[in-house]
Amino acid sequence: MSRFNLIDEKWIQVRFLDGSREELGIQDTLLRAKKIAAIEDPSPLIVAALHRFLLAVLYRALEGPTDIEQAKKLFRDGLPSEKIRAYLEKWRDRFWLFHEKFPFYQVPDYEPKEKCGEKQWRSWSVLSAEHNADNAKVLFDHLDVTKSGSVPSSRVACWILACQTFALGGGRSDFQYTKSSPSATAVMVLPLGQNLQDTLAFSLVPQNREVLKNDIPIWERPPEKVATLQKGTERAALGWADLYSWRTRSIKLHLQGNGETVGEIAFASGVGCSSESHADPMLGYKISEKKGKQYVRFRERGLWRDFDSLLPDNGNLAPKVIEHATALTKSNRDRFPRSVMVLGQANDQAKIEYWRMERFALPEALAGDRFIRTEIRQLLAEAEQAEWALEKAMKVAARFIITKGERKLQQDKWNAGRWIPGDVSKFIGKSSFEAVPVLVANYWSVLEACFHEILGEYTFVRDFEGIRGQWLQSVRDALNRAWEQYRTSVSMGDAWAIRALVKAEGPVRARLKELDEEILKLTPAMEGA
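Counting starts from 1 at the beginning of each chain's written sequence and moves along it residue by residue. This being a predicted model, a pLDDT of at least 70 is required before a residue's local features are given, and a value of 80 or more before pairs of side-chain atoms are given or counted; all residues contribute to the totals for chains, interfaces and linings. Values shown for side chains rest on all heavy atoms present in the structure; no hydrogens or waters enter the calculation.

Peer 1: What is the right way to look at the overall build of the chain in this model?
Peer 2: Within the chain, the secondary structure is distributed over 16 helices and 21 strands. Considering the chain as a whole, with its 529 residues, one finds that 53% of them fall into the buried category. By sequence separation, contacts in the chain at least 24 residues apart represent 70% of the contacts at least 6 residues apart. On the chain, roughly 24500 Å² of surface is accessible, and the fraction owed to carbon and sulfur atoms is 49%. Under the scheme used here, helices are H or I runs from DSSP no shorter than 4 residues and strands are E runs no shorter than 2 residues, and both carry numbers assigned from the N terminus. With a 1.4 Å probe rolled over the protein chains alone, any residue whose accessible area is under 20% of its type maximum counts as buried; one over 50% counts as exposed, and the rest are partly exposed. The contact definition used throughout considers only heavy atoms, calling two residues in contact when any of these lie within 4.5 Å. Accessible surface is estimated by sampling points in the Shrake-Rupley manner with a 1.4 Å probe; for residues, cover comes only from the protein chains shown.

Peer 1: Can you help me understand the nonpolar core in this one?
Peer 2: A general feature of soluble globular proteins is that nonpolar side chains tend to end up buried together. Core analysis: the biggest nonpolar cluster contains 160 residues, and Trp11, Ile26, Phe53, Phe95, Tyr443 and Trp471 have the highest contact counts within it. Top element by residues in this core is helix α2 (residues 44-62). It accounts for 15 residues. Ranked by size, the runner-up nonpolar core spans six residues in total, among them Ala71, Phe75, Ala201 and Ala325. Here, the term nonpolar core denotes a set of buried Ala, Val, Leu, Ile, Met, Phe, Trp, Tyr and Cys residues that are joined through side-chain atoms within 4.5 Å.

Peer 1: How should I be thinking about the packing of aromatic side chains in this particular structure?
Peer 2: Aromatic ring pairs are described here by two measures, namely the spacing of the ring centres and the angle between the planes. Whether two aromatic rings pair depends on their centres lying within 6.5 Å, for rings of Phe, Tyr and Trp, where Trp uses its six-membered ring; planes under 30 degrees apart make the pair stacked, over 60 edge-to-face, and the rest tilted. Counted according to the given criterion, the structure contains 18 aromatic pairs. With 5.4 Å between their ring centres and 45 degrees between their planes, Phe95 and Trp219 make a pair best called tilted. Of this pair, Phe95 sits in the loop between α4 (81-90) and β5 (96-98) while Trp219 sits in the loop between α7 (209-214) and α8 (226-231), and the two are 124 residues apart along the sequence. For the pair shown, Phe95 and Trp219 are each scored as buried. For the ring pair Phe451 and Trp471, a centre distance of 6.1 Å and an interplane angle of 75 degrees mean the geometry is edge-to-face. Here the residue Phe451 occupies a position in helix α13 (residues 438-457), and Trp471 occupies one in helix α14 (residues 464-491), the gap between them amounting to 20 residues.

Peer 1: Help me understand a positive patch on the surface, please; the structure alone is not making it clear to me.
Peer 2: On the surface, a cluster of positive charge is contributed by Lys286, Lys290, Lys291 and Arg297. Among the secondary structure elements, Lys290 is positioned in the loop between β16 (285-288) and β17 (292-295). For Lys290, a relative accessible area of 84% corresponds to the exposed category. Patches here are clusters of residues that have more than 30% relative accessible area and form no salt bridge, with a 9 Å joining cutoff for like charges and a 5 Å cutoff for nonpolar side chains (Val, Leu, Ile, Met, Phe, Trp, Tyr). For salt bridges, the criterion is a side-chain nitrogen of Lys or Arg within 4 Å of an Asp or Glu carboxyl oxygen. Counted charges follow a simple rule, with Lys and Arg positive, Asp and Glu negative, and His plus the chain ends left uncounted. A charge is said to be at NZ when it belongs to Lys, at CZ for Arg, at CG for Asp and at CD for Glu.

Peer 1: Sorry if this is basic, but what is going on with the environment of Asp463 here?
Peer 2: In this fold, Asp463 is placed in the loop between α13 and α14. It is 9.2 Å that separates the C-alpha atoms of Asp463 and Met526, two residues lying 63 residues apart in sequence. The residues touching Asp463, leaving out its near neighbours within four places in the chain, are Arg370 and Ala525.

Peer 1: Would you mind going over the sheet that holds strand β4 (residues 36-39) with me for this structure?
Peer 2: Pairing between the strands of a sheet comes from backbone hydrogen bonds, and it takes one of two forms, parallel or antiparallel. The strand order across the open sheet built from three strands is β3-β2-β4, with neighbouring strands paired in antiparallel fashion. The outermost strands of the open sheet, each flanked by one partner alone, are β3 (21-24) and β4. On average, adjacent strands in this sheet sit at an angle of 35 degrees to one another, irrespective of strand direction. A pair of strands is labelled paired if DSSP reports no fewer than 2 bridges between them. Geometry is summarised by axes, namely lines fitted to C-alpha atoms with helices restricted to the contacting stretch, and by angles between N-to-C directions that run from 0 to 180 degrees.

Peer 1: Could you clarify how one ought to interpret unusual backbone geometry in this entry?
Peer 2: Backbone phi values are negative for most residues with the exception of glycine, while trans is the configuration of most peptide bonds. At the junction of Gly64 and Pro65, the peptide bond is cis and its omega measures out at 5 degrees in the coordinates. Relative to the assigned elements, Pro65 resides in the loop between α2 and α3 (68-77). With a phi close to 50 degrees, Glu63 is a non-glycine residue in the positive phi region. By secondary structure assignment, the location of Glu63 is in the loop between α2 and α3.

Peer 1: Please clarify how the packing of α14 against helix α16 (residues 506-527) should be interpreted in this entry.
Peer 2: Each packed pair of helices is defined by two parameters, the angle between the axes and the distance between the axes. Where α14 contacts α16, the axes come no closer than 8 Å and their chain directions differ by 155 degrees. On the basis of their axis angle, the class for α14 and α16 is roughly antiparallel. Considering only the axes of α14 and α16, their crossing is left-handed. Any angle that falls under 35 degrees is termed roughly parallel, while one over 145 is termed roughly antiparallel, one within 65 to 115 roughly perpendicular, and all others oblique. Two helices that cross are described as forming a left-handed crossing if the nearer one is turned anticlockwise from the farther one by less than a right angle, and a right-handed crossing if clockwise.

Peer 1: Would you take a moment to explain the side chain of Ser474 for this structure?
Peer 2: Mapped onto the fold, Ser474 is located in helix α14. With near-sequence residues (within four places) excluded, Ser474 lies in contact with Leu447 and Cys450.

Peer 1: Any chance you could explain the sheet that holds strand β19 (residues 351-361) here in plain terms?
Peer 2: As summarised here, the arrangement of the three strands in space is β10-β18-β19, forming an open sheet in which the pairing is antiparallel. Looking at strand neighbours, the two that pair on one side only are β10 (188-192) and β19, the edges of this open sheet. Recorded for the sheet is a direction-independent mean angle of 15 degrees between the axes of neighbouring strands. As paired strands, β10 and strand β18 (residues 339-348) are joined by five bridges and run antiparallel to one another. Bridge pairing links Leu192 to Ser339 in β18. Along the sheet face, α2 touches β10, β18 and β19 and points at about 120 degrees away from the line of β18.

Below, the structure is given as structure tokens:
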């Protein structure tokens, strides 16, 4: 009853260097990686999960890399075809999507609970963030999960990987209370090479030889027994192949017909991870005064405003894949990753808020000996100082305008963990604690385009003073434009409002003056660029 082997069947969507597209199996994807431009999928979660899965396969097939020299040899010579073929052939029986003893990434003896004499199979949609009505109902997704029909097994294979990588905890199941996957809400980082081979090599971060011996992925492990899962089981991740193939959920596909499609599944809690502090090479980290070391997450504001968290420095908080990519290309700058892709999702407890994929230019200066993380942080901080001046002036103006007649203002307050805006916040358009007024959002939107240009300026020959001068010009222009828009929107020829704006504009005018003075000092550096 073996059906749909992931090694040979076509299920991974790729784009070749010539622009053509095709679906491939595991073996062809890895062996033809040099001719493949990228793995592509409409879902960022699937893109991230597929890269992590292929990296886990490579760690086991190559039995390395165990140090930077071995990694450089792989980068120079390419992926060894014979090792990959031999490994996949050895474990071929573990890659069947339908199999009596070892169905891929599933619990073979798991059957759903019965109700009124019938097994309670669930819709395939529970695997997919795009169609899951439990915690991520999407606008314009009109799928009725009670009449969802069936979908190709090729899509189900992708969704299994994405579900195991990004599943959120929150709710009971046939076994235990569901928990989130170890990196469910983290920003995952992928430095992109000229082809898929380089992209995978950049993320194939060396592991200690002794760690690699015990770093066993899910398909090499004997499946957990239902009795064990029902009691609740938890263990530590033993390495990156283990971490990249974690069983967050217990799944069993219901075979109907020849296995080309899937309609129903059994779905419950999986294995808890007791080592969530284990450093994931694809994640960036930051230090919180209250919570300690935390991985970087998507927030309401754009990730570019936290871009410095993705860059290496002496603090060892940057994604190891970025550090590894720069180490591999120091002596071969033509293959330096010109861009980095960030993928992931944001949540509100067990509810998915959104998923996202963004792409940034990776500063060329990283390939040298220069740490630019501090420089990028300074540029972003200077933009935040201008935002502070803008929002302060807006609030002062709002206070003068709406207190006409000595009206008593309602202040912002917290109630039962919920932030309630006061009169001033409502006036300027701040509807939630993290939300920003529309004009402030426009300010950041203008600067985002400028920031992408600035990243391209980080070459080996351009110094920081010239780059900073260019950036401060952008900040000054964006601040001035935002304030003028605010003045126009509230004055409307009203004498009281005009007086309020004159009284309130002090912080903005002071900041504009400081920016002008600093730009003047940096002009020689800009002219010499």
